[in-house]
Structure formats: C-alpha cells, structure tokens
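Architecture and fold: a report
Here's the letter readout for the chains.
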Amino acid sequence: MTESNVLQNFGLDAIDMSDVYSPEYTAHIEQIRHEAALVLARIAMKHVFADGEAVHDPQLAAPEGVTARQPFFFRKRLIEYLDDRGELHREGNLYRPTDELVQRASAREEDYFGTAAQSPTLRALKSIESIAGGILEGKDGLVLLEERLGAEETWRIWQYLMVDAPPKKACNSLVARTLDQRLRAGVPTVVFEGGAGLGATLREAVQIDGFRERTRNIELYGFTDISRPLMQRAREMLQEKAPEMLGSTCFDRIDLDQLDDYDDVPYLQDAAADLVIFESVLHDVENLHQVLTSCHRILKPGGWLVFTVGSRHRPGLFFPCELLQTTLHSYHRAELDPPRRTNVGYLSLEEWTASLHDAGFPSLRVFPDAQHREKWPYGGIVASRPE
Ligand SMILES: C[S@@+](CC[C@H](N)C(=O)[O-])C[C@H]1O[C@@H](n2cnc3c(N)ncnc32)[C@H](O)[C@@H]1O
C-alpha cells in the first residue's frame, strides 16, 4: 500500500463528532445563553443605558487600532445583541431599553434562576461584569482581571473558559480527534500546532483510547505559542499527562503573523508538515490570508489543516459566545480583507469558506454542519491541501 492509500483509508471522512453534539451539549449552550442574558442586561443598564437611552449607529465604520476597537466593539455588540433579542426600542439611532430588560437587570438571581446555585460559567461571567466599566474605557480585559482578582484567579478563569468549560468540548474534541485520526495512518507524522497555549488539544487527545500508543507515530510535534509563560504551563502538563511525547515535542515561540520568517524551524519549511492545528486562535491573527497561504506552503500535499471556530451569526445568540474575547485587545487585531474577511474577531462560515478557498484549500469539512451553527456555535473546520 502506498502512503497516500493508507491516508485515504484513514481519511477525513472518518472524523466523527456526532456523540459530542448531544442534547446534553445543547443544554450547556442554552444554560450559558440564559446566564449571559442576566449579566449582559446588568452591564447594559449600568454602563450603556444609565441615562435611559443611548445613541448607536450600526453602520459606523470601526476605528483602527486595538485600543480604540475594543470598547467600540464591546458596546456595539452589546447593543446589537439586545436589539436582536427585541429588548430595545429604536427611533433612528436612538435606543431605549424595554421594560423587560429593565426588570431583568434588577432581578434577584434566586428568582431569575429559581435556585441559589452558582455555576462556574456564571462566576466567570460575573468577573467580566466586574470589569465592564474599564473595558468600555478601552482597558484590556486580562489586565483588568489581574488587577481586580490577582494573577492566580485570572488564570483559573482563563483556563476554565478557554479549555474546561463544557461548550469548549466541541473544539477540543475536534482537534484531538483529527490529530488521532492522522496518527492512525501509522506513518511518521510531523505536526505544527500554533497558539497552542495551555495545550487544550493534547489534554483532550490523551483521553482517547489508544492515543498514547499512537504517539509513537509522531516524528515531530511543534508545540508553539506567542506566549512563553503559557507554554511553560503546557510543558508541565505534558510532563504529567503524556511524558512519552516529550522526546518528539519542541516548544517554540512562534508568531503566526510571521510564519514565513522562521527559516531554522524544521516543521515550518515548505511541505514539511502533515498536520497543522490551531485551537481557538486563527481568528486572532492580523493577516488571515497570509497565515492560511503560509499553512498551504508548510503542508505536504494531502496534509490537513484543522482549526476551531466560533461561527459568527445572529448577534442575539452569538455575543455570549465571544464575551470574554471581546474584552481583549488581542481579539481586535484583524486586518479586514473584504470580501474574504469582513468581521473583526470570530468569522462567519461564509468568511471562512472564502478565505480557505483563496488560500488553496478547496475542500473542507465543517463541524457542526452549517445548518446547526446557531444551536451549536462552537466547532471547527478541517481542510486538506490537494494532492
Ligand atoms: C484563546 S487561546 C487558545 C487556547 C489554546 N489552544 C490553549 O489550549 O490554551 C489563544 C492562544 O493563541 C496565542 N496567540 C494569539 N495570537 C498569536 C499569534 N499571533 N501567534 C501565536 N500565538 C498567538 C495566545 O497566546 C493564546 O495562547
């Protein structure tokens, strides 16, 4: 059997996520939307509608620069979230809260939830609520959280929302299963993971039956991020959870916006990698077209690019899914590139499809299926470089 036959037998079609997108998973997403509706009502009434009304122009062009964009988009997306839910009265560019919104903002939590129990997500949402004033002044959310809660608690919240929160299961599982699927071909495999942070991909992968044995097929795993402290935490995690991988893993500081500059990093050379992984990071880059074009260059023919997404769609459903990100300066770096990329932060599926197509990835699998993107906003895309 040739290598490409082997890979076909263990191909993209075999990646299955049907057990992840379950009724239980749907309930987690709905619970977060329900919790966010309370917290976002309070933020809006305290910081945007304190005078009973607010002016907003949905067509206003976004400013340049992350410090100006971040408060602009936090306010814009909050107002458009409420408007899409039918919770604002509008006359021209003047918006006023409905009575329901005013009442919800002042509801007692026990009455709203029918219980006094606090979920970890609600606690995280309330931390964001506690810094909303500073966010609307243009301060970075992580800096504000560290000032208010201290570094340890901030990183606990970060790890919870980025890695452990139940909605993230779809993202983590997709990248982990794609990695595992590629290793099942049984041939030496070179992997480049960008923005690998705390290691959500490998944390999930080591839980797959037989993954540990299949790691012997990893010739080289480039575990990379722009932040060395995050990678330090990931190295400790790998030491504890998958020490057998340490021999084939390189921890390198790589900036995704400079991928063509690393002429001494083996897994970033032309046709060097079998698999490129980006877990919750690709929307953060400045020049998406350039990054995708570099991935095409780095991948071997038949190689796979897998990345996770939040699929932008109706603001009334989507804003809770990007709330933490919208507090961060780093979420607002994108150079817009219409008609490929028209949104700052998370992209829509249409933007992803156009961007991938123009970078040389004509065929892809989208998880979940596009028709479910409102119900299940988190998932990802696997694209393959044509043979
Ligand atoms: C939302 S977190 C992703 C979570 C990550 N996969 C994990 O398991 O922790 C985004 C990560 O991308 C990194 N990042 C952001 N911009 C980057 C860039 N231009 N190049 C490389 N890494 C970047 C951040 O440092 C962070 O670790």
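The model shown is predicted, which means the values in this text are computed figures rather than measured ones. (Residues numbered from 1 in each chain as written. Predicted model: local features only at pLDDT ≥ 70, side-chain atom pairs only at ≥ 80, totals over all residues.)

Our focus in this paragraph is the pairing of strand S4 (residues 189-194). Of all six residues in S4, six are buried; the element is thus mostly enclosed. In S4, alternate side chains face the same way, and those of Thr189, Val191 and Glu193 on one face and Val190, Phe192 and Gly194 on the other are all buried. Bridge count between S4 and strand S5 (residues 218-225): five bridges; the pairing is parallel. Bridged to Glu193 within S5 is Phe223. Of the pairings in the sheet, the one linking S4 to strand S7 (residues 273-278) comprises four bridges and is parallel in character. Within S7, the position partnered with Val191 by the bridge is Leu275. (Buried ≥ 20, exposed ≤ 12 C-beta atoms within 10 Å, placed from the backbone. Helix = DSSP H or I, 4+ residues; strand = E, 2+ residues; numbered from the N terminus. Pairing = 2+ DSSP bridges.)

The next point concerns helix H8 (residues 141-149). Buried within H8 we find Gly141, Leu144 and Leu145. Taken around the axis of H8, the buried residues stretch over an arc of 100°, which confines them to a single face. Check the buried side of H8 and you find it contacts helix H6 (120-130), helix H7 (132-136), helix H9 (151-164) and helix H16 (323-326). (Arc of directions from axis to C-beta. Contact = placed C-beta atoms within 7 Å.)

Spatially, S6-S5-S4-S7-S8-S10-S9 is the arrangement adopted by the seven strands of the open sheet, whose pairing is mixed. Looking along the sheet, the strands with just one partner apiece sit at the ends: strand S6 (249-253) and strand S9 (364-367). Taking the axes of each pair of neighbouring strands and ignoring which way they run, one obtains an average angle of 15° across the sheet. As paired strands, strand S8 (residues 299-310) and strand S10 (residues 378-384) are joined by seven bridges and run antiparallel to one another. Across the sheet, Val306 pairs through a bridge with Val382, a residue of S10. On top of the sheet, helix H14 (residues 288-298) reaches S4, S7 and S8; it is set at about 145° to S8, its chief contact. (Axes fitted to C-alpha atoms, helices over the stretch in contact; angles between N-to-C directions.)

Everything listed here is a matter of geometry and, on its own, says nothing about what the molecule does.
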